[in-house]
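Chains, contacts and geometry: an overview
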Amino acid sequence: MQNLQSLMETLSGWVWGPYMLVLIVGTGIFLTFRLLFWQFRMLPLAFKQVFGKHPDHSGDISQFASLMTALSATIGTGNIAGVATACVLGGPGAVFWMWMTALFGMATKYGEGVLAVKYRVKNEKGEMSGGPMYYIERGLKWKWLALIFALFGTLASFGIGSSVQSNTVALAVENSLGIETWMTGIIITAFSALVILGGIKSISKASSVIVPIMAVGYVAGGLIIILNNLELVVPALKMIFTYAFTGEAAVGGAIGAAIRYGVARGVFSNEAGMGSAPIAAAAAKTDHPARQGLVSMTGTFIDTIIVCSITGIVLVMGYIMAGNSFGDQTGAVLTIGVFDKLLPGVGGWVVTFGIIFFAYSTILGWSYYGEKCATYLLGEKFVLPYRIIYIATVFIGCVATLDLVWLFADTFNGLMAVPNLIGLLLLSGVIAKESKDFIARRKSGELY
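Definitions and limits used
- Residues numbered from 1 in each chain as written.
- Predicted model: local features only at pLDDT ≥ 70, side-chain atom pairs only at ≥ 80, totals over all residues.
- Heavy atoms only, no water.
- pLDDT = per-residue confidence, 0-100.
- Helix = DSSP H or I, 4+ residues; strand = E, 2+ residues; numbered from the N terminus.
- Axes fitted to C-alpha atoms, helices over the stretch in contact; angles between N-to-C directions.
- Parallel < 35°, antiparallel > 145°, perpendicular 65-115°, else oblique.
- Left-handed = near helix turned anticlockwise from the far one by under 90°.
- Contact = heavy atoms within 4.5 Å.
- Nonpolar A, V, L, I, M, F, W, Y, C, P; charged D, E, K, R; others polar.
- Buried < 20%, exposed > 50% of the residue type's maximum accessible area, 1.4 Å probe, protein only.
- Core = buried A, V, L, I, M, F, W, Y, C linked by side-chain atoms within 4.5 Å.
- Phe/Tyr/Trp six-rings, centres within 6.5 Å; stacked < 30°, edge-to-face > 60°.
- Salt bridge = Lys/Arg side-chain N within 4 Å of Asp/Glu carboxyl O.

Our next topic: the confidence of the model for the protein. Confidence along the protein averages 84 in pLDDT terms, with 91% of residues attaining 70 or more. For the protein, per-element mean pLDDT is lowest for helix 5 (residues 63–74), which scores 64, and highest for helix 8 (residues 132–140), which scores 95.

This is how it looks when you write it as structure tokens:
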């Protein structure tokens, strides 16, 4: 086990080295300029697409349901445990780099949504299938690279999608309620099976209920803490911006640590560039690829600019109150402790229940991602076997070693990004063309 952990540490360090961070953020920056800052210019229209009413179009689920499915997979333990880990290892300045990753990541997520709809196909059951494996195969004509993405996506689903989430829930429940991890494992595994075995429509229905409630509840709890401690807001923001460029409070006092952990955890949280969200986007009912791209990019804004910011600001406020120290805690336990300290009697429960529902929804969303990757590799006959294996890993995650689980998730999450980012960069001309076509057809009245 020790040898396996050492191997995964080495591989994770290589995968998430400077080249990967430059590739992820660089792709977002490139698309931002290629699309003339589309994510900022079109954000109001994007939110209008999410919450407005639309005519019925071809697809499996509504645009709102597709966004909720994508958010169910992205709003997870990364928003709580991931942000805390970034702050401990990279210092308060890591929050700033999470913001930067998200702002440019919105362009990346937009591009993923466009290509997902542009190159989607109908499978044997008449359901929509799409995502990086399809736009790499059909757009670039590189079947071999599509297969590599699908392989890494399948393996990543067992880490970032199931075991990491259930592991964090089990530890949080044990810390708050004293319930043993294996008992939590049985419960969360059973509830996961109830929804996952029903497929995308079952997952999207559950996500459309769970995601809005959990996000609003968690954000409300964080806002109450911020409003009750307004005198700490300005110092916290000042510290975030200052430490982002000085590296103070980071591991080794290096600015590289703030950037590395801020970007890595930001990507882990919103998954821009990972290639996961476009798999859900491909199932949406929409009349134009760019319209779904707009819907997709709002997910990054909601996930990081809103939810992660709440966690980050509250954590830095707690850091200041503790005499510029996070103590010896990290992950979800740190976030629970800070929330409980700043909102006694309630704050800890806000985070605990947030973790439970965030993680549960992520387990549901990622089961769909992994299933699509697995069936791309092995065919539709593998749907049920995949679901059974995935559900089993939910329980395994509850009783596994935390460090090994996170290393596994980080490594394969990073590996699946490489073929996806190559696809986005080489198909950026298609993204730009579809964007121009969308604008032109809306001006002519052909599209609403």
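Now that the structure is up, let's keep going.
Contact pair helix 11 (residues 199–228) / helix 17 (residues 347–378): the axes reach a minimum separation of 9 Å and the direction vectors enclose 155 degrees. Judged by the angle between their axes, helix 11 and helix 17 are roughly antiparallel. As helix 11 packs across helix 17, the resulting crossing turns out to be left-handed. Facing helix 11, whose interface residues are Ile200, Ile203, Ala206, Ile210, Met214, Ala215, Gly217, Tyr218 and Gly221, helix 17 presents Val350, Val351, Phe357, Phe358, Tyr360, Ser361, Leu364, Gly365, Ser367 and Tyr368. The class makeup of the residues in the contact of helix 11 with helix 17 is 14 nonpolar, five polar and no charged.

The next thing to look at is the environment of Ser269. The topology assignment puts Ser269 in helix 13 (residues 255–270). Of the residues examined, Ser269 reaches a relative accessible area of 0% and is grouped as buried. The spatial distance from the C-alpha of Ser269 to the C-alpha of Arg120 is 25 Å, given a sequence separation of 149 residues.

At their nearest, the axes of helix 6 (residues 81–90) and helix 15 (residues 289–321) sit 9 Å apart, and the two run at 40 degrees to each other. Taken together, the axes of helix 6 and helix 15 lie oblique to each other. Our pair here, helix 6 against helix 15, has a crossing hand that is right-handed. In this structure, helix 6 contributes Val83, Ala84 and Cys87 to the contact, and helix 15 contributes Cys308, Thr311, Gly312 and Leu315. For the contact of helix 6 with helix 15, the per-class residue count stands at five nonpolar, two polar and no charged.

Within the largest apolar cluster, 137 residues are counted, with the highest numbers of intra-cluster contacts made by Trp16, Tyr110, Tyr218, Leu294 and Met297. Of the residues forming this core, the biggest block, 14 residues, is contributed by helix 17. Among residues more than four places away in sequence, those in contact with Leu294 are Trp38, Met42, Leu45, Ala46, Gln49, Tyr110 and Phe438.

A few words on the packing of aromatic side chains. Under the counting rule described, the total for this entry stands at 20 aromatic pairs. Seen in terms of ring centroids, Phe47 and Phe301 are 5.7 Å apart; in terms of plane orientation they differ by 80 degrees. Their pairing is edge-to-face. One end of the pair, Phe47, is in helix 4 (residues 43–51); the other, Phe301, is in helix 15, with 254 residues separating them in the sequence. When its relative accessible area of 22% is taken as the criterion, Phe47 is described as partly exposed. A network of ring pairs unites the aromatic residues Phe96, Trp97, Trp99, Phe241 and Phe245 as a single cluster.

We now examine the pattern of salt bridges. By the definition in use, this model includes six salt bridges. Among the salt bridges present, the one from Arg441 reaches Asp437, with a minimum N-O distance of 3.4 Å. On the criterion of helical spacing, the pair formed by Arg441 and Asp437 is a turn pair, its members being four residues apart in helix 20 (residues 428–443). The exposure class assigned to Arg441 is partly exposed, which follows from its relative accessible area of 24%. On the accessibility criterion, Asp437 (29% relative accessible area) is partly exposed.

Although it is not a glycine, Leu36 adopts a positive phi angle of roughly 55 degrees. Residue placement: Leu36 occurs in the loop between helix 2 (18–34) and helix 3 (38–41). The exposed category is assigned to Leu36, whose relative accessible area is 58%. Its identity is not glycine, yet Phe37 carries a phi of approximately 60 degrees, on the positive side. As for its placement among the helices and strands, Phe37 is situated in the loop between helix 2 and helix 3. The exposure class assigned to Phe37 is partly exposed, which follows from its relative accessible area of 36%.

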